[in-house]
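In case you want the letters, here they are:
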Amino acid sequence: MLNALHHGFSMAPFIVADGLRGENYRTVQTKGILNEIEVAGAIAEADAMIVVTHVKGHELAGFGGAIKNLGMGCASQAGKLRQHRTLDLEIDESKCIGCGKCTETCEMHLPEIVGDKARNLSPKCMRCPFCQSACPTGAIKLLHQDRVLKALASAAYGVLSTFKPKKLSYVSFAKDITQYCDCRPNPGDVVMKDLGIFASDSPVSIDGAFLRMADYKIFNEAYNVDCTLQVREAFHLGIKVT
Ligand code: SF4
Ligand code: SF4
């Protein structure tokens, strides 16, 4: 709630869709890399939805568009964790200088400094992965990042299954396209020229249209990921194209 207000979502009544403690959700079957996904309760109960997205870069997904907004944005806390935990983190001791920046950055201060090396064995780790961005030597590596992109598509499929046909529309603002996600205190520099406003009744079509106009290799190179994978996977799962 505070994060939403901090980012300016005060123009209309704001509802935390999965409840103040993430307790309100419905688990639905899905397909793809996940078998099921916890959809936020207020989303699962809604009759219709307009998915409004600010398109930007994202260190895990490459870019955040409508598919990410559906898959991650409409999942409950448990559903978000399920998607993030498809990837692994590894600390390369040979590169670690024991500076402790990872521990300072982590909300739960999870990486421990043992001797002069960082270690993260905690089952609480959310794979967010803010510690990785904070590490000055590149010692923290993301493993199996492609799984997160597939998980976004899989979760989006599950979210869509809670709506009747023709009950969703999408509007994406490709403006002020920043390096990082808006949920961060500082989403970084603008990395691409404004591309305009997109509208569609398909998340695959609207993200595909953005990618056709965008120089998305900027994201692929920055985050070492093929950001088109989430769109291709959503198409492969059968999410409609218009
Ligand atoms: S931020 Fe990087 S270099 Fe510093 S302690 Fe953590 S892993 Fe090691
Ligand atoms: S991935 Fe996130 S939760 Fe896990 S150690 Fe790093 S900052 Fe903490």
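Residues numbered from 1 in each chain as written. Chains lettered and ligands numbered in written order. Predicted model: local features only at pLDDT ≥ 70, side-chain atom pairs only at ≥ 80, totals over all residues. Heavy atoms only, no water.

Undergrad: Talk me through the overall build of the chain; I want residue IDs and the actual numbers.
TA: Looking only at helices and strands, the chain features 10 helices and 13 strands. Referenced to the eigenvectors of the C-alpha coordinate spread, the extents of the chain come out at roughly 60 × 40 × 35 Å. Looking at the chain as a whole, 44% of its 242 residues are labelled buried. Taking the intrachain contacts of the chain between residues at least 6 apart in sequence as the baseline, contacts between residues at least 24 apart amount to 69%. Accessible surface computed for the chain: about 12600 Å², of which carbon and sulfur atoms make up 54%. With 27 positive and 26 negative side-chain charges, the chain shows a spacing of 4 Å between the two charge centroids. (Helix = DSSP H or I, 4+ residues; strand = E, 2+ residues; numbered from the N terminus. Buried < 20%, exposed > 50% of the residue type's maximum accessible area, 1.4 Å probe, protein only. Contact = heavy atoms within 4.5 Å. Areas by Shrake-Rupley, 256 points an atom, 1.4 Å probe, with all protein chains shown as cover. Lys, Arg positive; Asp, Glu negative; His and termini not counted. Charge placed at Lys NZ, Arg CZ, Asp CG, Glu CD.)

Undergrad: Account for the site of ligand 1, naming residues and giving values.
TA: Ligand 1 sits among 13 residues. The nearest are C96, C99, G100, C102 and C135. By residue class, the composition of the shell around ligand 1 is nine nonpolar, three polar and one charged. (Near = heavy atom within 4 Å. Nonpolar A, V, L, I, M, F, W, Y, C, P; charged D, E, K, R; others polar.)

Undergrad: I'd love a proper account of the pattern of salt bridges, names of residues and values included.
TA: Applying the stated criterion across every chain, the model contains nine salt bridges. Across the salt bridge formed by R26 and E45, the nearest N and O atoms sit 3.0 Å from each other. Remark: E45 occurs in helix α2 (residues 41-45) and R26 occurs in strand β1 (residues 25-29); sequence separation between them is 19 residues. We classify E45 as exposed; its relative accessible area is 59%. One salt-bridge network, held together by shared partners, links E36, E38 and R82. (Salt bridge = Lys/Arg side-chain N within 4 Å of Asp/Glu carboxyl O.)

Undergrad: An account of a nonpolar patch on the surface is requested, with residue identities and associated values reported.
TA: A contiguous nonpolar surface patch, about 810 Å² in accessible area, is contributed by M1, L2, L5, F9, M11, F14 and L20. By relative accessible area, which is 43% here, L5 ends up partly exposed. (Patch = residues over 30% accessible without salt bridge, like charges linked within 9 Å, V, L, I, M, F, W, Y side chains within 5 Å.)

Undergrad: Any chance you could break down the domain arrangement of the chain for me, citing the residues and the numbers?
TA: Per the domain assignment, the segments making up the chain are domain 1 (15-84 + 145-237) and domain 2 (92-143). Relative placement of domain 1 and domain 2: their C-alpha centres are 26 Å apart. Taken together, the six residues of domain 1 in the interface contact eight residues of domain 2. Taken over both partners, the interface formed by domain 1 and domain 2 buries close to 650 Å², and the fraction arising from carbon and sulfur atoms is 62%. Looking at the side of domain 1 facing domain 2, the largest losses of area belong to H84, Q145 and R184, adding up to 54% of the total buried there. Remark: the boundary between domain 1 and domain 2 carries two residue pairs in polar contact (both at pLDDT 80 or more). (Domains from an automatic or database assignment. Buried area = accessible area lost by both parts, 1.4 Å probe. Polar contact = N/O pair within 3.5 Å; in protein donor to acceptor, adjacent residues only side chain to side chain.)

Undergrad: Tell me about the packing of helix α8 (residues 203-213) against helix α10 (residues 229-237), and please be specific about residues and values.
TA: Interaxial distance between α8 and α10 falls to 10 Å at its minimum, and their mutual angle equals 150°. Relative to α10, α8 is oriented roughly antiparallel. You can see that α8 and α10 cross each other, and the crossing is left-handed. For the pair formed by α8 and α10, the contact residues are V204, D207, G208 and L211 on the first element and V231, A234 and F235 on the second. By residue class, the composition of the contact of α8 with α10 is five nonpolar, one polar and one charged. (Axes fitted to C-alpha atoms, helices over the stretch in contact; angles between N-to-C directions. Parallel < 35°, antiparallel > 145°, perpendicular 65-115°, else oblique. Left-handed = near helix turned anticlockwise from the far one by under 90°.)

Undergrad: With reference to specific residues and values, describe helix α7 (residues 145-160).
TA: Spanning 16 residues, α7 covers 23 Å between terminal C-alpha atoms, matching the ideal 22 Å at 1.5 Å per step. The element α7 is extensively covered by neighbouring structure, given that 12 of its 16 residues are classed as buried. Inspection of α7 places Q145, V148, L149, A151, L152, A153, S154, A155, A156, G158, V159 and L160 among the buried residues, and these make up the whole buried set. (Expected span 1.5 Å × (residues − 1).)

Undergrad: Pulling in residues and values, what's your account of the packing of aromatic side chains?
TA: Throughout the structure, instances matching the rule amount to three aromatic pairs. Relative to F210, the ring of F198 has its centre 6.4 Å away and its plane inclined at 75°; by these criteria the two rings are edge-to-face. Of this pair, F198 sits in strand β13 (residues 196-200) while F210 is found in helix α8, placing the two residues 12 residues apart along the sequence. Side by side, F198 and F210 carry an identical accessibility label, which is buried. The structure contains a cluster of three or more aromatic residues connected by ring pairs, namely F63, F198 and F210. (Phe/Tyr/Trp six-rings, centres within 6.5 Å; stacked < 30°, edge-to-face > 60°.)

Undergrad: If you had to explain the environment of C74 to someone new, which residues and values would you point to?
TA: Checked against the element boundaries, C74 lands in the loop between α3 (66-71) and α4 (77-84). Overall, the relative accessible area of 6% leaves C74 in the buried class.

Undergrad: Describe the sheet that holds β13, naming the residues involved and giving the relevant values.
TA: Taken together, three strands build an open sheet; the order of strands is β3-β10-β13 and the sheet is mixed. One side of each edge strand has no neighbouring strand; the edge strands of this open sheet are β3 (49-54) and β13. Ignoring strand direction, the axes of neighbouring strands in this sheet form an average angle of 15°. Together, β10 (168-174) and β13 form the strand contacts of α8, whose direction differs from that of β13 by roughly 150°. (Pairing = 2+ DSSP bridges.)

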